[in-house]
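Next come the chains, spelled out residue by residue.
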Amino acid sequence: MTDVQVPLTSRKDWQSDQEVRWCPGCGDYSILTAVQLLMPDLGVKRENTVFVSGIGCAARFPYYMNTYGMHTIHGRAPAIATGLAMARPDLDVWVVGGDGDLLSIGGNHLIHALRRNVNLTILLFNNQIYGLTKGQYSPTSEVGKVTKSTPMGSLDAPFNPIAIALGAGATFVARSHDMDRPHMQEMMRRAHAHKGAAFVEIFQNCNVFNDGQFESLTARANRDDMLIPLEHGKPVRFGKELEKGVVIGADGAARIVNVADVGEDAIVVHDEGRPEPGLAFMLAQLSQSVHQPTPVGIFRAVERTEYTTAAAGQLVAAEERSGRGDLAKLLHSQPTWTV
Amino acid sequence: MTDVDTRSGTSGGSTSLDHVVIRFAGDSGDGMQLTGERFTSASAIFGNDLATFPDFPAEIRAPTGTVFGVSAFQVQIADHDITNPGDAPSVLIAMNPAALKSELHRLEPGGLVILNIDEFEQRLYDKAGYTADPLEDGTLDAFQVVKVPMTSLTKEGVKESGVKPRDAERSKNFFALGLISWMYTRPVDPTLDWIRERFGKNEMVMNANLMAFKAGHAYGETAELAGHRFTIKPAEQSAGVYTSINGNMAMAWGLIAAGQLAKLPTFLGSYPITPASDILHEMSKHKSFGVTTLQAEDEIAGIGSALGAAFGGSLAITTTSGPGVALKSETMSLAVSLELPLVIIDIQRGGPSTGLPTKTEAADLLMAMYGRHGEAPMPIIAAYSPSNCFDVAIEASRIALKYRTPVIVLSDGYLANGTEPWLLPDVAALPDISTQFATEPNHVNETTGEPEHWPYVRDPKTLARSWALPGTPGLMHRIGGIEKEDGSGNISYTPDNHGHMVETRAAKVAAVADDIPPAPVTGDVDDAELLILAWGSTWGAIVTAVDRQRAKGRKIAHCHLTHINPFPSNLGEVLRRYPRVMVPEMNSGHLAKMVRAEFLVDAKSVSKVKGVPFTAAELEDAIESMLEGAK
């Protein structure tokens, strides 16, 4: 929603005076640029915008935005942002965190923010590694990952962040990557406009501890064959000539086929607004690694009661029912006696 | 054993008492807490002074008839000022053999035992672990015994209500309440009104409970329990309007009041935990005061959401017990670093770990004081009585807002659930605790020349930092848990700045000492041979013990701290004024360690960590042995 009162701003207005301290070449820079360039287009005021983060490389993000910001503690950003958004439904609250921050130590807070549908725009920078602690495997790292803490290879099956969000009942779930600014910005724009908890996973390259992790997907030469764009109302097709597509088999599983083999009509048509999340979940499960064609775009965008509005509504309803709270009345609300 | 169950005697006469201590005991499902509360409420309305001690197991419904499933409620009512629920009860109502087995040892010699005789049978003796019949084996020799077939009389009495016989039995606690109300000449209307209101939605149950109460009352009258009718005159109390309040209710009301006095929206982030949950329940009922409550996904989210709300300009609160404080400690340190106001309420219970969830203890003081990583000082305030929780909630909020600091409030299970009459304060006389938010830039950027807001510019006197709320144009800023430069708030790792910030955060908390009353000393202020220094819920028992000892001619002073960090500025002088200092605590000597370290005084710890409060008699013993040992 564009507020006519909002003065025109440029990228510069949204940049803080703080020196950016990420490693040169880090994917975080491109995400920061995408956000700073997008903000002037969103029709929002800087003073009404708050970035909240936890701990990790991604979590330094708020320091670089000329908005209000809280850089908090590991994993807790969704909980802290929930309180802020409830106390101040007038604000635009963004949460920024990495895969360790939001899916490991903070996994609980993330799923509860999503199930409550708190009005937050949550950006998950997924680099599939711990960066700030210098290179341990993360909850999204592939099995067998050799890192400082797993010299013989990691044993843990990775989380699929999109599936986690869908499982938690998220009403807006999207994925993008740090090599495609327009796509990132489109996902962020839609996420910001969404009333409720909006979750955007962004594949992000850590050029120090996990360099090239997403190369197979995001390198310009690979994108056509490896990224499956999800577009509402359109058949799910990809490839240079859109020669490949996704079908839902009789067994209920999504799989990739040659369009020529099955016919155009067999290709599943994406519907981000389906009330039940089954299709979105199948699409989320289509890829099990960065070496398989992987969907990007909006998996799900549905309406559900937004939490902060409902919570504020209870305050209004309580006041309508019994009038504005009166302290003297409260103190006399139990049986009293006079001496 | 003196059997008095249906002995004839004069009817209508009653003996006047100056006080009585009654203990109701039964199965967890027998409704003993409710019975005790109603008796208390009627006594409060009658005008007695009183104090209560609910004592119940953690299990919601332990197997019936077992000793570990016994739930008890003790109340002292008096015609004079009292401060605690009494040491030994003089009357025990035992609804079954397990209740007798579990509670009889508390009764004073010669005390009165009222038994629900219907339940005294072999099957229940076995469950309670009695190997012989306690009615016959001499167990009750030292007591007076009244046997009342409560279960069968209740069934009979409620017949006309139409409830099924099995449900009829459930009204037997109201029979017991009716009987005790007759014995102690309590007004009946408040209880009848309460039953009508509480059970009005289910007419059959309401009528059954009314009938059971009346049957119990009538039983007292007709069975002519001679010599067992008593009056306790109303206590002389200061003029005013009173209500009966427990600590958690007072705490919730105090927090609601604080939001009103601060003119701020109030936010409570909390996770259910015994014995603190009732504060969440109560506050969530009062949204019309601008109170937002969140039952968070865990303790960490409870305090996290509150801290987020604080950043947004709410009076932010989190409520919990010891295990929850442990989980919140990282966020408490963040609040110290962010220098945002936050009130953390710890309703202490027995620990460590799950410990004794429904029992009381005061062993979180050193955790409140030191239980965080890094140098993270924070003011600590402790309530000393149920109604005092109201004042303490407001005081904690005042300090938090004025100094931009988290403040920890210590209460405990004993205060939380204990009830006392409360002279309602004049709302107009409550303090204004509103605070100032930054509205204008306080700095000019050296490179751009633009005005900006530096979040760590401080008030020179309080050292409180400038607090600008999101939504304020031109004051955008970032705060975080990384060490920051004083003034600008920019990330800074320089050694001197860190040293400066550590000292500044400590100095800010220390500065609160100039803003609180001096340590209060009562009793023989000028010539005491012993000072009792204490904090928290030990107050009631200490006051009683000190009064009795002074009546015996001993010279004793009592200093009860509300502000524990920082200490009142005169505390060192107070401690050195007296030849001996004794520190009774429901922990292994936390405050004693603190004052020994701070003031190098030879404070002697008197410790009780059993999940139950000190009795006045135990404290008298401690006083006597200390003073006699000194001779």
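Here, every reference points to the structure presented above.
Residues numbered from 1 in each chain as written. Chains lettered and ligands numbered in written order. Predicted model: local features only at pLDDT ≥ 70, side-chain atom pairs only at ≥ 80, totals over all residues. Heavy atoms only, no water.

Undergrad: How should the overall build of chain B be read in this particular structure?
TA: In terms of regular secondary structure, chain B is built from 20 helices and 26 strands. The C-alpha radius of gyration computed for chain B amounts to 27 Å, which stays within 12% of the reference 25 Å derived for 631 residues, consistent with globular compactness. Projected onto its principal axes, the C-alpha positions of chain B cover 95 × 65 × 50 Å. For chain B, with 631 residues in total, the buried portion stands at 63%. Accessible surface, chain B as shown: approximately 23100 Å² in total, 52% of it carbon and sulfur. Averaged over its 53 positive side-chain charges, chain B has a centre that lies 2 Å from the centre of its 76 negative ones. (Helix = DSSP H or I, 4+ residues; strand = E, 2+ residues; numbered from the N terminus. Rg over C-alpha atoms; globule rule 2.2 N^0.38 Å. Buried < 20%, exposed > 50% of the residue type's maximum accessible area, 1.4 Å probe, protein only. Areas by Shrake-Rupley, 256 points an atom, 1.4 Å probe, with all protein chains shown as cover. Lys, Arg positive; Asp, Glu negative; His and termini not counted. Charge placed at Lys NZ, Arg CZ, Asp CG, Glu CD.)

Undergrad: Would you take a moment to explain the overall build of chain A for this structure?
TA: Per the secondary structure count, chain A includes twelve helices and twelve strands. Taking the principal axes of its C-alpha atoms as reference, chain A extends roughly 90 × 50 × 45 Å. Considering chain A as a whole, with its 339 residues, one finds that 57% of them fall into the buried category. In chain A, of all internal contacts separated by at least 6 residues, the share reaching a separation of at least 24 is 65%. Put simply, chain A shows about 14100 Å² of open surface, and 54% of that area lies on carbon and sulfur atoms. Within chain A, one finds 31 positive and 36 negative side-chain charges whose respective centroids are separated by 5 Å. (Contact = heavy atoms within 4.5 Å.)

Undergrad: Where do I start with the pattern of salt bridges in this structure?
TA: Any two side chains of opposite charge can pair, given that their charged atoms come close. Taken as a whole and judged by the stated rule, the model has 42 salt bridges over all chains. A salt bridge links glutamate 264 of chain A to arginine 237 of chain A, with the shortest nitrogen-to-oxygen separation between them at 3.7 Å. Of this pair, glutamate 264 of chain A sits in the loop between helix H9 (259-262) and helix H10 (278-284) while arginine 237 of chain A sits in strand E8 (residues 237-238), and the two are 27 residues apart along the sequence. By relative accessible area, which is 55% here, glutamate 264 of chain A ends up exposed. With a closest N to O distance of 2.6 Å, glutamate 103 of chain B and arginine 23 of chain B form a salt bridge. Of this pair, glutamate 103 of chain B sits in helix H2 (residues 97-103) while arginine 23 of chain B sits in strand E3 (residues 19-27), and the two are 80 residues apart along the sequence. Look at arginine 23 of chain B and you get buried, because its relative accessible area is 1%. Connected through salt bridges with shared partners, the residues Arg548, Lys552, Arg554, Glu620, Glu624 and Glu628 of chain B form a single ionic network. (Salt bridge = Lys/Arg side-chain N within 4 Å of Asp/Glu carboxyl O.)

Undergrad: I tried to follow helix H12 (residues 322-338) of chain B on my own but got confused; where do I start?
TA: Helical geometry: 3.6 residues make up each α-helical turn, so side chains three or four residues apart lie on a common side. All names here are of chain B. Relative to the 24 Å expected for 17 residues at 1.5 Å per residue, H12 spans 23 Å between its end C-alpha atoms, a close match to the ideal helical length. Along H12, the helix axis deviates most sharply at lysine 328, where the bend reaches about 55°. The element H12 is extensively covered by neighbouring structure, given that 13 of its 17 residues are classed as buried. Of the residues flanking the end of H12, it is glutamate 339, one or two places downstream, whose phi is positive at about 55°. (Expected span 1.5 Å × (residues − 1). Bend = angle between axes of the 7 residues up to and from the residue.)

Undergrad: Would you mind going over the interface of chain A and chain B with me for this structure?
TA: Interfaces are often described in size by the accessible area the parts lose on coming together. Each partner contributes to the interface: chain A provides 57 residues, whereas chain B provides 71 residues. In total, about 5300 Å² of surface goes out of reach between chain A and chain B, with carbon and sulfur atoms giving 64% of it. The three residues of chain A that bury the most area against chain B are Tyr68, Leu331 and Trp337 of chain A, which together make up 17% of that side's buried surface. Our enumeration of links across chain A and chain B arrives at one salt bridge. (Buried area = accessible area lost by both parts, 1.4 Å probe.)

Undergrad: Got a minute to help me understand the environment of valine 70 of chain B in this structure?
TA: Residues and elements named next belong to chain B. The residue valine 70 is located in strand E5 (residues 70-78) in this model. For the pair valine 70 and methionine 32, spaced 38 residues apart in the sequence, the C-alpha separation amounts to 9.3 Å. Setting aside its immediate chain neighbours within four residues, valine 70 contacts Ala25, Gly26, Pro57, Ala98, Ala99, Ser102 and Glu103.

Undergrad: Can you help me understand the sheet that holds strand E23 (residues 556-561) of chain B in this one?
TA: Strand pairing in a sheet takes place through backbone hydrogen bonds and is either antiparallel or parallel in direction. Residues and elements named next belong to chain B. Ordered in space as E21-E23-E22-E25-E26, the five strands form an open sheet in which the pairing is mixed. Looking at strand neighbours, the two that pair on one side only are strand E21 (521-523) and strand E26 (603-607), the edges of this open sheet. On average, each strand axis in the sheet is tilted by 25° relative to the strand beside it, whichever way the strands run. Alignment of strand E22 (residues 530-535) against strand E25 (residues 581-585), held across two bridges, turns out to be parallel. (Pairing = 2+ DSSP bridges. Axes fitted to C-alpha atoms, helices over the stretch in contact; angles between N-to-C directions.)

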